[in-house]
Amino acid sequence: MTQLLDITALTKQFGGLTAVNKVSFSVNAGEIVALLGPNGSGKTTLLNMISGALQATSGTVALEGDIISGLPPNGIAHKGVSRTFQLVKILPSLSVAENIIAALAFRPQPLWGRGARDQAEVLLDRVGLGGRGDEHADELTYIDQKRMELARALASEPRLLLLDEWLSGLNPTELRVGIDLILSLRQSGMTIVLVEHIMEAVRALCTRSVVMNVGSKIADGPTADVLSDAGVIAAYLGD
Ligand code: ADP
């Protein structure tokens with residue numbers, strides 16, 4: 001299997017606090033890996049260092065052997081890393097299609113005009129919003145806003161997709177739909193790292209899980225093994 005993402009001794013200090021402490025792990029192309037851990041364990045900080053929103057204090061992030069840490073966020077996006085946010089970020093006054101077209105304009109090879117409209121339709125189809133491009137973004141239901149946000153993240157044709165609690169806030173029926181949508185991305189070969197609190201989703205989606213506690217990696221392996229690991233259970237109970 002080809003290794004896509006390689007994180008080595010990644011560290012982030014905020015003043016005297018070490019939020020992420022020499023964390024190393026790698027992700028193969030086509031894998032969905034969960035980043036787990038109790039609140040405050042460093043998951044968001046780690047995701048922010050991968051996407052470039054935060055600069056690492058030390059350590060490296062490489063994509064197919066190419067070091068991307070140190071690049072600005074748009075440089076990292078151009079290398080093929082895309083993300084969704086914990087709180088849905090949409091352009092509420094625009095239509096659904098315009099939200100996607102705006103994202104297409106930020107690609108390394110921007111798409112405009114007819115090409116952008118056609119590609120927006122392809123992306124909307126891919127997330128289950130086919131034919132709904134003319135609707136107002138702020139009138140979408142929550143799951144549909146999430147779908148749109150995913151289409152925006154896919155607009156850059158990423159090699160690596162980072163999902164930050166993308167499934168949170170969904171009701172059980174919507175959750176099933178959301179899980180199936182992520183599974184369809186995996187079937188198309190997408191590599192995904194996700195931070196997720198919903199264990200049902202983690203079990204259904206993630207072949208492998210990496211667990212953080214107080215900034216350090218405490219487990220890394222097949223999801224079922226990791227979730228039954230005594231050290232992992234103790235870390236969560238201490239939350
Ligand atoms: P998680 O996502 O696992 O809940 P975070 O990465 O948000 O954890 O936080 C890890 C630690 O870093 C926490 O102690 C948090 O208070 C601290 N932290 C996060 N962001 C900042 C920041 N911008 N400045 C100072 N401390 C931060």
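Residues numbered from 1 in each chain as written. Predicted model: local features only at pLDDT ≥ 70, side-chain atom pairs only at ≥ 80, totals over all residues.

### Re the pairing of strand S7 (residues 160-164)
Step number 1: Of all 5 residues making up S7, 5 are buried, and the element is well covered by its neighbours.
Step number 2: In terms of handedness, the path from S7 via helix H6 (residues 172-187) over to strand S8 (residues 191-195) forms a crossover that is right-handed. (Buried ≥ 20, exposed ≤ 12 C-beta atoms within 10 Å, placed from the backbone. Helix = DSSP H or I, 4+ residues; strand = E, 2+ residues; numbered from the N terminus. Right-handed = clockwise from strand over helix to strand, strands pointing away.)

### Here we look at H6
Working note: α-helix, 3.6 residues per turn, so residues spaced by three or four point in the same direction.
Step number 1: Taking 1.5 Å of rise per residue, 16 residues should cover 22 Å, and H6 covers 23 Å from first to last C-alpha, within 8% of that figure.
Step number 2: Just downstream of H6 lies Gly189, where phi reads positive at about 100 degrees. (Expected span 1.5 Å × (residues − 1).)

### Details of the confidence of the model for the protein chain
Step number 1: When pLDDT is averaged across the protein chain, the result is 93; 98% of the residues are at 70 or more.
Step number 2: Overall fold confidence for the complex sits at a pTM of 0.93, while the interface term, ipTM, reaches 0.98. (pLDDT = per-residue confidence, 0-100.)

### Concerning unusual backbone geometry
Step number 1: Positive phi, normally seen in glycine, also occurs at Glu64, with a value near 50 degrees.
Step number 2: Look at Glu64 and you get partly exposed, because 15 C-beta atoms sit within 10 Å.
Step number 3: Look at Glu165: it is not a glycine, yet its phi comes out positive at around 50 degrees.
Step number 4: Mapped onto the elements, Glu165 comes out in the loop between S7 and H6.

### Some remarks on the packing of helix H3 (residues 96-104) against helix H4 (residues 113-126)
Step number 1: The interhelical angle for the contact between H3 and H4, taken along N-to-C directions, is 110 degrees, at an axis separation of 9 Å. On the basis of the axis angle, H3 is roughly perpendicular to H4. Considering only the axes of H3 and H4, their crossing is right-handed. In contact with Val96, Ala97, Ile100, Ile101 and Leu104 of H3, H4 contributes Ala116, Arg117, Gln119, Ala120, Leu123 and Leu124.
Step number 2: Looking at the contact of H3 with H4, its residues break down into 9 nonpolar, 1 polar and 1 charged. (Axes fitted to C-alpha atoms, helices over the stretch in contact; angles between N-to-C directions. Parallel < 35°, antiparallel > 145°, perpendicular 65-115°, else oblique. Left-handed = near helix turned anticlockwise from the far one by under 90°. Contact = placed C-beta atoms within 7 Å. Nonpolar A, V, L, I, M, F, W, Y, C, P; charged D, E, K, R; others polar.)

### Comments concerning the packing of H3 against helix H5 (residues 142-154)
Step number 1: Axis separation between H3 and H5 bottoms out at 8 Å; the angle between their running directions is 25 degrees. As summarised for this structure, H3 and H5 are arranged roughly parallel, according to the angle between their axes. Handedness of the crossing formed by H3 with H5: right-handed. Residues Val96, Asn99, Ile100 and Ala103 of H3 lie in contact with H5, whose contacting residues are Met148, Ala151 and Arg152.
Step number 2: Tallied by class, residues from the contact of H3 with H5 come to 5 nonpolar, 1 polar and 1 charged.

### Focus: the sheet that holds strand S6 (residues 81-83)
Step number 1: Judged by pairing direction, the sheet is mixed, and its 6 strands sit side by side in the order S6-S7-S8-S3-S9-S10 without closing on themselves. Of all strands in the sheet, those bounded by a partner on one side alone are S6 and strand S10 (216-222). Between one strand and the next, the sheet's axes are offset by a mean angle of 20 degrees, whatever the strand orientation.
Step number 2: Where S7 and S8 come together, 5 bridges link them in parallel fashion. Bridging across to S8, Leu161 finds its partner in Ile192. (Pairing = 2+ DSSP bridges.)

### Overview of the nonpolar core
Step number 1: Core analysis: the largest hydrophobic core is formed by 66 residues, its most contacted members being Leu35, Ile100, Ala151 and Leu194.
Step number 2: It is H3 that contributes the most residues to this core, 6 residues altogether.
Step number 3: There are two domains that each give this core at least three residues, and those are domain 1 (1-80 + 160-239) and domain 2 (91-157).
Step number 4: In contact with Leu35, other than residues within four places in its own chain, are Lys43, Leu46, Leu47, Val193, Leu194, Val195, Val210 and Met212. (Core = buried A, V, L, I, M, F, W, Y, C linked by C-beta atoms within 7 Å. Domains from an automatic or database assignment.)

### Regarding the site of the ligand
Step number 1: Around the ligand, the neighbouring residues are Phe14, Leu17, Ala19, Gly37, Asn39, Gly40, Ser41, Gly42, Lys43, Thr44 and Thr45.
Step number 2: Among the secondary structure elements, those contributing two or more residues to the shell around the ligand are strand S2 (17-28) and helix H1 (43-51). (Near = placed C-beta within 6 Å.)

### Concerning the sheet that holds strand S5 (residues 66-67)
Step number 1: Judged by pairing direction, the sheet is antiparallel, and its 4 strands sit side by side in the order S2-S1-S4-S5 without closing on themselves. Sheet topology places S2 and S5 at the edges, where each strand pairs with a single neighbour.
Step number 2: For strand S1 (residues 3-14) and strand S4 (residues 58-63), the ladder comprises 5 bridges, and the chain directions are antiparallel. Looking across to S4, one finds that Ile7 is bridged to Val61.
Step number 3: Sitting on the sheet, H1 is in contact with S1, S2 and S4, with an inclination near 60 degrees to S2.

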